[in-house]
Amino acid sequence: MVEARPVGDNQGMILTIAQLGQPVLRERAAELDPASIVAPEMQQFLQDMRETLAAAGGVGLAAPQVFRGQRLFLAAILPALDPEGPPEIETFINPLLTHASPEKAAGWEGCLSFAELLVLVPRHRAVRMTYLDAEARPCVIDLHGFAARVVQHELDHLDGILTLERAASTRDIIKASEFESVVKKNSLEL
Ligand code: NI
């Protein structure tokens, strides 16, 4: 489902994002051979993913969402280089959740594969993840709050799990268009 690209073109391209109903979103993705990460084809794919994430205005994007069943995702969760700027994007390859706080918090999550819906999802407040970065370096990161939520959402994509399965109740699934009027109003009462 990825369009052809001229050979030798270093510019990235916008990839098609798989939408709810595509089987790839429900399948477990495969581990990557670490030796393949630095290959030009993979580096080009990572650049394409970065551009696709930026174009979509998302905070995370997993490879299965662009029809590629491999265990990698992007998450915009690193401190901004420019204090006024957006968070930096990290690449997580073969990620493993090695620690998760027992405490969970519920938060509303959107997904680029079904942007029309928001789902209230309980997530661990803090997690530790080990992974390889875009240069195949082994990394460990401790995250909490929103950043921890983002990587848990993206890790789920690698196991074919969507927020819809994580909802405590189908009542916790709403249309994004209703968020301001329904959820924000109710959250004032918390
Ligand atoms: Ni998603």
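Conventions and cut-offs
- Residues numbered from 1 in each chain as written.
- Predicted model: local features only at pLDDT ≥ 70, side-chain atom pairs only at ≥ 80, totals over all residues.
- Heavy atoms only, no water.
- Pairing = 2+ DSSP bridges.
- Helix = DSSP H or I, 4+ residues; strand = E, 2+ residues; numbered from the N terminus.
- Buried < 20%, exposed > 50% of the residue type's maximum accessible area, 1.4 Å probe, protein only.

Caption draft 1: Spatial organisation of the pairing of strand 6 (residues 126–132). Pairing between strand 3 (residues 88–100) and strand 6: five bridges, direction antiparallel. Looking at strand 6, one finds that His-99 is bridged to Arg-128. Bridging between strand 6 and strand 7 (residues 138–144) involves seven bridges; their strand directions are antiparallel. For Arg-128, the partnering residue across the bridge sits in strand 7 and is Asp-142. Hairpin connection between strand 6 and strand 7: a loop of five residues separates the two successive antiparallel strands, and Ala-136 in this loop has a positive phi of roughly 70 degrees.

Caption draft 2: Spatial organisation of the pairing of strand 2 (residues 72–78). In terms of burial, strand 2 is largely enclosed, as six of its seven residues are buried. Here three bridges tie strand 1 (residues 60–62) to strand 2, and the two strands are oriented antiparallel to one another. Opposite Gly-60, over in strand 2, you have Ala-75 as the bridge partner. As paired strands, strand 2 and strand 3 are joined by six bridges and run antiparallel to one another. Residue pairing in the sheet places Leu-72 in a bridge with Ile-93 of strand 3.

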